[in-house]
Amino acid sequence: MFAQRIERLTSSLVRDILAAASRPGMISFAGGLPASEALFQPGASDFAALNCAQYGQTEGEPQLRELIAQRARALGIACTAGQVLILNGSQQGIDLVSKLFVEEGTPLVVEAPAYLAALQSFKLFGAPLRPVTVDAQQGPVWTELADALPGARLCYLTPTFQNPSGYCYTDAERTTTAELLDAADVPLFEDDPYRALSYDGPAPAPIVGRLHKARWVYQSSFSKTLAPGLRLGYLIAHPDLITPLTRLKQAADLHSNRFSQHLVANLLASNRIDPHVAAALPLYQKRRAAMDAALRTHLADKATWQLPQGGLFFWLKLNQPTDTYALMQQALEAGVAVMPGDAFYQGVAPGSYLRLNFSHANETDIATGVARLAALLG
Ligand SMILES: Cc1ncc(COP(=O)(O)O)c(C=O)c1O
């Protein structure tokens, strides 16, 4: 009855767990939710001058595209506004790039671990995945990347405060990655939604700006900096790729929501986004410290982890081999929602991991939730 690819459509674990996580009394470390206190709350004046009820352009609102291109150039990405495509959230970029590049039998290089909703999309379109280990302490395993790239159709990376591991590629690692991509002439899809949530100094410039030969798509989002409910993200593409991506966007939904686009363009033009993020960072730093302290108190002898320099997650490696899906179920029954690490791997995970979001719960709930989790680990 359905297209054959539907057999490869796995249910989104995130959505299932988020549904369970919203039950009353549940402490959620499961989703990638920004702190409610840090969400941008538009005032009446933000809507006053909006004139955007008519259909708009598929590419996005011209002023917003121009402002995004300016910011990207400041990050070392040589681009014009003509290379910017506004998205209904950066998840749409994953769908459009999948449609452009991925088909049955065309191998794709992904990180291990990797953002699970990207893995889900790539699998839906039938790509055999070539996972490359990115160690939460040591970074990418170069021999694996060099072996995986030749003949691959695309390489998907989240080099800045990766979801789930929190790992941030160093400046030198970004340059080496670009050299390997250029040598193999494999297009890079760089997903960068967490760059602004940097707690210990700015992250190194994106990899796409270091490429000389390989084609590229760079994408980011206003979900983590302003509000996910805006459903607003963008991609910037190599000149050869922007036209087909725009056609795919047109076929998917004509254009992104113009109200969100105008709101965000006005915020960028009046320089209100960076101060908004700067004001939210101390709250995130406090919650990060609270989770680190709770983990030290309750799990120091049961797990290891790094203090994330940015992003929204702790990536916990359990000392004992553990069925993390079963643990997730027990944790839900105990009133705490966590993400099993296995979900972020294509194939077998090299250990037992949990992803814990630290931005959403308050400090008291962080302490209580970690204690509940620790009790389950015996
Ligand atoms: C790595 C990564 N890419 C893309 C997304 C999708 O974000 P959005 O569609 O809200 O922009 C997320 C959300 O958590 C993410 O972690």
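Residues numbered from 1 in each chain as written. Predicted model: local features only at pLDDT ≥ 70, side-chain atom pairs only at ≥ 80, totals over all residues. Heavy atoms only, no water.

Chemist: Describe the pairing of strand 8 (residues 216-221), listing the residues and the values that go with them.
Modeler: Counted residue by residue, strand 8 has six buried out of six residues, so it is predominantly covered. Of the two faces of strand 8, the one lined by W216, Y218 and S220 and the one lined by V217, Q219 and S221 are each fully buried. Taken together, the five bridges between strand 8 and strand 9 (residues 233-237) define a ladder with antiparallel strand orientation. Looking at the pairing, Y218 lines up with I236 of strand 9. (Buried < 20%, exposed > 50% of the residue type's maximum accessible area, 1.4 Å probe, protein only. Helix = DSSP H or I, 4+ residues; strand = E, 2+ residues; numbered from the N terminus. Pairing = 2+ DSSP bridges.)

Chemist: So, the site of the ligand: which residues are in play, and what are the values?
Modeler: Neighbouring the ligand are the residues G89, S90, Q91, Y115, N163, D191, P193, Y194, S221, S223, K224 and R231. At 2.6 Å, a side-chain N or O of D191 approaches a nitrogen atom of the ligand. In this structure, an oxygen atom belonging to the ligand sits 2.8 Å away from a side-chain N or O atom of R231. Within the complex, 92% of the 400 Å² of free accessible area of the ligand lies under protein. Residues of the shell around the ligand, tallied by class, amount to three nonpolar, six polar and three charged. (Near = heavy atom within 4 Å. Polar contact = N/O pair within 3.5 Å; in protein donor to acceptor, adjacent residues only side chain to side chain. Areas by Shrake-Rupley, 256 points an atom, 1.4 Å probe, with all protein chains shown as cover. Nonpolar A, V, L, I, M, F, W, Y, C, P; charged D, E, K, R; others polar.)

Chemist: If you had to explain a nonpolar patch on the surface to someone new, which residues and values would you point to?
Modeler: Together, M1, F2, I6 and L9 make up a nonpolar patch on the protein surface, roughly 520 Å² of accessible area in all. On the secondary structure map, I6 appears in the segment before helix 1 (13-21). (Patch = residues over 30% accessible without salt bridge, like charges linked within 9 Å, V, L, I, M, F, W, Y side chains within 5 Å. Salt bridge = Lys/Arg side-chain N within 4 Å of Asp/Glu carboxyl O.)

Chemist: Tell me about the environment of A293, residues and numbers included.
Modeler: On the secondary structure map, A293 appears in helix 10 (residues 273-299). Residues A293 and L116, 177 residues apart in the sequence, show an inter-C-alpha distance of 28 Å.

Chemist: Tell me about the nonpolar core, and name the residues and values.
Modeler: Soluble, globular proteins show a tendency: their nonpolar side chains are buried together. Core analysis: the biggest nonpolar cluster contains 83 residues, and F29 and L356 have the highest contact counts within it. No other element matches the 10 residues that helix 10 contributes to this core. Two domains each provide a minimum of three residues to this core, namely domain 1 (4-39 + 275-376) and domain 2 (49-269). Discounting residues that sit within four places of it in the chain, L356 has contacts with F29, M291, L295, L312, F313, F314, L316, V338 and L373. (Core = buried A, V, L, I, M, F, W, Y, C linked by side-chain atoms within 4.5 Å. Domains from an automatic or database assignment. Contact = heavy atoms within 4.5 Å.)

Chemist: Can you explain the pattern of salt bridges? Please cite residues and give values.
Modeler: Going through the model one piece at a time under the given rule, you end up with 14 salt bridges. Residues R258 and E61 are paired through a salt bridge, measuring 2.8 Å at the closest nitrogen-oxygen approach. Of this pair, R258 sits in helix 9 (residues 258-269) while E61 sits in the loop between helix 2 (44-48) and helix 3 (62-74); the two residues are 197 residues apart in sequence, bridging distant segments of the chain. Here R258 falls in the buried class, since its relative accessible area comes to 13%. In this structure E61 comes out as buried when scored by relative accessible area, which is 9%. Across the pair R71 and D274 runs a salt bridge, and its minimum N-O distance is 2.8 Å. Placement of R71 in helix 3 and of D274 in helix 10 is noted, with a sequence separation of 203 residues between them.

Chemist: Residue-level account of the domain arrangement of the protein, with values.
Modeler: Looking at the protein, the domain boundaries give domain 1 (4-39 + 275-376) and domain 2 (49-269). Measuring from the centre of the C-alpha atoms in domain 1 to the corresponding centre in domain 2 gives 24 Å. In this assembly, 33 residues from domain 1 lie in contact with 32 residues from domain 2. On the domain 1 side of the contact with domain 2, R8, Q309 and Q346 bury the most area, a combined 22% of that side's loss. (Buried area = accessible area lost by both parts, 1.4 Å probe.)

Chemist: I'd like to hear about the packing of aromatic side chains, residue by residue, with values.
Modeler: Overall, the coordinates contain 12 aromatic pairs when judged by the stated rule. Arranged with centres 5.3 Å apart and planes meeting at 70°, the rings of F122 and Y156 form a pair that is edge-to-face. One end of the pair, F122, is in helix 5 (residues 116-124); the other, Y156, is in strand 6 (residues 154-157), and 34 residues separate them in sequence. Here F122 falls in the buried class, since its relative accessible area comes to 0%. Ring geometry for W315 versus Y345: centroids 6.4 Å apart, planes at 35°, classification tilted. Residue W315 is found in strand 11 (residues 313-318), and its partner Y345 is found in the loop between strand 13 (339-340) and strand 14 (352-357); the two are separated by 30 residues along the sequence. (Phe/Tyr/Trp six-rings, centres within 6.5 Å; stacked < 30°, edge-to-face > 60°.)

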